[in-house]
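Below, each chain spelled out in residue letters.
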Amino acid sequence: MTSSAPTPVSRASVGLGSERGPVLLAVMLSTGLVAIDATILAAAVPAVVDDLGGLTQFPWLFSVYLLAQAVSVPLFGKVSDLVGRKPVMLVGVGLFVVGSLLCGVAWSMGSLVAFRAVQGLGAGAVQPVGMTIVGDIYSLAERATVQGYIAAVWAASSLIGPTLGGIFADYLSWRWIFLVNLPLGAVAAWMLWRRFDERRPAREAGAVRPRVDVLGSLLLTLGTVALLVALLEGGVVWAWSSPASVGLLAAAAVLLAAFLLVERRAAEPVLPLWVFRHRVVGTAMAASLVIGVLLLGLTSYVPLFAQGVLGTGAIVAGFALAAMTIGWPVAATTAGRLYLRFGFRSTMMLGAVVALAGSGLLLTVDGSSSVVHLAAPNFVMGLGFGWVASPAIVAAQAAVGWDRRGVATGATLFARSIGSAVGVAVFGAVANAVVRGRLGHDPASLDAVPPAVLEPAIHAVFVLSGVVALAAVVAVAFMPRHVEEVVEDVAARS
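Worth saying up front: this structure is predicted, and the values here are computed from it rather than measured.

A. Just the overall build of the protein chain, in detail. When its secondary structure is counted, the protein chain shows 19 helices and 0 strands. For the protein chain, the residues scored as buried account for 53% of the 494 residues in total. Taking the contacts inside the protein chain whose residues are at least 6 apart along the sequence as the reference set, 82% of them involve residues at least 24 apart. A total of about 20300 Å² of accessible surface is found on the protein chain, and carbon and sulfur atoms cover 68% of it.

B. Structural view of the packing of helix α10 (residues 214–233) against helix α11 (residues 243–265). Two elements in contact, α10 and α11, have axes separated by 8 Å at closest approach and are oriented at 155°. As the angle between them shows, α10 and α11 are arranged roughly antiparallel. Crossing of α10 against α11: the hand is left-handed. From α10, Leu215, Gly216, Leu219, Leu220, Leu222, Gly223, Thr224, Ala226, Leu227, Val229 and Ala230 reach across to α11, where they touch Leu248, Leu249, Ala252, Leu255, Leu256, Ala258, Phe259, Val262 and Glu263. Looking at the contact of α10 with α11 residue by residue, the class counts come to 16 nonpolar, 3 polar and 1 charged.

C. Summary view of the pattern of salt bridges. Summed over the entire model, instances satisfying the criterion amount to 5 salt bridges. With a shortest N-O distance of 3.0 Å, Glu142 and Arg20 are connected by a salt bridge. Here Arg20 lies in the loop between α1 (11–14) and α2 (21–40) and Glu142 lies in helix α7 (residues 140–171), a separation of 122 residues in the sequence. Note that Arg85 is salt-bridged to Asp136, the shortest N-O span being 2.6 Å. In this pair, Arg85 is assigned in helix α5 (residues 85–104) and Asp136 in helix α6 (residues 109–137), connecting sequence segments 51 residues apart. On the basis of relative accessible area, Asp136 is assigned to the partly exposed category, the value being 23%. Residues joined by salt bridges that share partners form a network here, namely Asp81, Arg85, Asp136 and Arg405.

D. How the structure looks around the nonpolar core. Ranked by internal contacts, the top residues of the largest apolar core, which has 89 residues, are Leu271, Val275, Val281, Phe305, Leu374 and Phe385. Top element by residues in this core is helix α13 (residues 279–308). It accounts for 16 residues. Leaving out residues up to four positions away in the same chain, Leu374 has contacts with Val302, Phe305, Ala306, Leu310, Ala320, Leu362 and Val365. Counting 29 residues, the second largest nonpolar core, distinct from the first, contains Val27, Met89, Ile150 and Met191.

E. Here's a closer look at the packing of aromatic side chains. Taken as a whole and assessed by the stated rule, the structure comprises 5 aromatic pairs. Seen from their ring centres, Trp328 and Phe385 are 5.7 Å apart, and the 65° between their planes marks the pair as edge-to-face. You can see Trp328 sitting in helix α14 (residues 314–342) and its partner Phe385 sitting in helix α16 (residues 371–398), a full 57 residues away along the chain. Side by side, Trp328 and Phe385 carry an identical accessibility label, which is buried. Note on Tyr339 and Phe344: the rings are 4.8 Å apart at their centroids and 25° apart in plane angle, and the pair reads as stacked. Residues Tyr339 and Phe344 agree in their burial class; the two are buried. Geometry around Trp193 places Lys86 over its ring, the cationic atom sitting 5.4 Å from the centre. The ring of Trp274 carries the charged tip of Arg404 above its face, separated from the ring centre by 4.4 Å.

F. Inspection of α16 at higher detail. The end-to-end C-alpha distance of α16 is 40 Å, a good match for the 40 Å that 28 residues give at a rise of 1.5 Å each. The buried fraction of α16 is high, at 22 of 28 residues.

G. Region of the structure containing a nonpolar patch on the surface. On the surface, Leu159, Ile326, Val330 and Phe379 cluster together into a nonpolar patch covering about 310 Å² of accessible area. On the secondary structure map, Phe379 appears in helix α16.

H. Just the environment of Ala230, in detail. By the secondary structure assignment, Ala230 is in helix α10. Using a relative accessible area of 0% as the deciding quantity, one classes Ala230 as buried. Each C-alpha atom, one on Ala230 and one on Ala250, is 9.9 Å from the other, the two residues being 20 residues apart in sequence.

I. Helix α17 (residues 402–439), seen in detail. Helix length check: α17 (38 residues) gives 56 Å between terminal C-alpha atoms against 56 Å at 1.5 Å per residue, within 8%. Two residues or fewer past α17, Gly440 is found with a positive phi of approximately 85°.

J. A look at the side chain of Ser288. With respect to the helices, strands and loops of the structure, Ser288 is situated in helix α13. In contact with Ser288, not counting residues within four places along its chain, are Ala392, Thr412, Ala415 and Arg416.

K. A look at the environment of Met479. Among the secondary structure elements, Met479 is positioned in the loop between α18 (451–476) and α19 (483–493). Under the relative-accessibility criterion, Met479 is labelled buried at 0%. When residues no more than four places from it in sequence are discounted, the contact partners of Met479 are Arg279, Val280, Thr283, Ala284, Phe344, Arg345, Met348 and Ala395.

Cut-offs and rules
Note on numbering: residues in each chain are counted from 1, in written sequence order. Only residues with pLDDT of 70 or above have their local features reported here, since the model is predicted, and side-chain atom pairs are shown and tallied only from 80 upward, although totals for entire chains, interfaces and linings are computed over all residues. With hydrogens and water excluded, all non-hydrogen atoms of the structure serve as input to the side-chain values. Secondary structure follows DSSP: runs of H or I at least 4 residues long count as helices, runs of E at least 2 residues long count as strands, and numbering of each begins at the N terminus. For each residue, the accessible area found with a 1.4 Å probe, counting protein chains only, is set against the maximum for its type, and the residue is called buried under 20%, exposed over 50%, and partly exposed in between. Every residue pair with non-hydrogen atoms within 4.5 Å of one another is taken to be in contact. Note on areas: Shrake-Rupley with a 1.4 Å probe; residue coverage comes only from the protein chains shown. Geometry is summarised by axes, namely lines fitted to C-alpha atoms with helices restricted to the contacting stretch, and by angles between N-to-C directions that run from 0 to 180 degrees. An angle counts as roughly parallel when it lies under 35 degrees, as roughly antiparallel when it exceeds 145, as roughly perpendicular when it falls between 65 and 115, and as oblique in every other case. Working rule for handedness: look at the near helix, and if it is turned counterclockwise from the far one by less than a right angle, call the crossing left-handed; if clockwise, right-handed. Under the grouping applied here, Gly and all other residues not named as nonpolar or charged are polar, the nonpolar ones being Ala, Val, Leu, Ile, Met, Phe, Trp, Tyr, Cys and Pro and the charged ones Asp, Glu, Lys and Arg. One side-chain nitrogen of Lys or Arg within 4 Å of one carboxyl oxygen of Asp or Glu is enough to make a salt bridge. In these notes, a set of buried Ala, Val, Leu, Ile, Met, Phe, Trp, Tyr and Cys residues joined through side-chain atoms within 4.5 Å is what counts as a nonpolar core. Two aromatic rings from Phe, Tyr or Trp, using only the six-membered ring of Trp, form a pair when their centres are within 6.5 Å; if the ring planes differ by under 30 degrees the pair is stacked, by over 60 it is edge-to-face, and anything between is tilted. A ring is scored as having a charge over it whenever the NZ atom of a lysine or the CZ atom of an arginine sits within 6 Å of its centre and within 35 degrees of its normal. To estimate how far a helix should extend, the number of its residues minus one is multiplied by 1.5 Å. For patches, a residue must show more than 30% relative accessible area and have no salt bridge; joins then use 9 Å for like charges and 5 Å for nonpolar side chains, namely Val, Leu, Ile, Met, Phe, Trp and Tyr.

Have a look at this one:
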């Protein structure tokens, strides 16, 4: 394979009307469930709290979903390598639909939080396995076109989700936010069942039947949960120096150290240590982790700046952040043509530099800025994220065989989830330190923080975002330059 211009791929051969179209449509529907769910609930939180109560518990509607999804992504990715994509994808869609049904009939905030965890487990299977299916049934050149379809799902969901959430909350019932997933999930599962004829590599005669790494899975799950809870709640629910934070971080360190020891001896490790040593997969994970840090930093603090400093309403604040969710799929749609023509490293470096430029533009925003001024850097950073994150996953998939593709995809997405939790913790610690330093005490609520204090606190977060974006440039530099180097890198290790 060379770096010359690839043979053009006709949309008719890879589109929804092609032979593989029904499978692609099923993956798009399944991905759409997860993508819409990421934004649809936020607009309906007041309606949920009014109906069920539990004001102090509602943040866990988002945290528990993130936790369940994060810990299950590598598990489902590995299992899909052992038993195939189709059964794991069907289980994921099934879990998401069942979780949605239970959320729709929840009788208390506690039950709704628990059922959101079931949804998160389903999302933990759908997202990595859906992307792995695309990597299985389409060639590298074809994925440059197919990526546009998947990106369109995320772009549409970023607009449809908040709109549907508001409509259901205002005119019907917040419960329809979850119940609407039932027919969509049923159609996706039916299409996967009927039209996805999976062709798995034959197992060698006499080969030992693969076994799931139960102990490793348990240690990874418990260790990751302890780490993410400590990062998500530290400095918010309890102080970083409190026994809760210290205990959770210590438990996470012990459990994850034990996990590493177990994985070195496991026959089929759930998250094999080779992913960290592999030049391509390891770089893809590092880049995804950095993107996760930046993503949650923007998601948390851009709307807060718009409302608390610029004095806008929630809808206008959402518009400022939506610029990023629009820029991401726009870049992801074009990323395929770029990495086929110029290579993975050049495409991802373009994205990292653009994200760094966007973080620089973010530093020009102050209390007198308009919402458009705030939205513009987010759009630029979204472009950067799209040119880094999408090629990172495709590169990781291209660098391994079928029996490792699920692990490579899951590990890359797992790194992004961990980065998101780290971003929440680090940016939160920086913002809280500035607020505490200027007020001389911890505020009772955000309402007690005046704009004159909130502005420098969030500006410090924006400065740190620039430092993190620079780290993305460094991480991407380790990715091989051209497509053929990725393939040769694998061949040299096999």
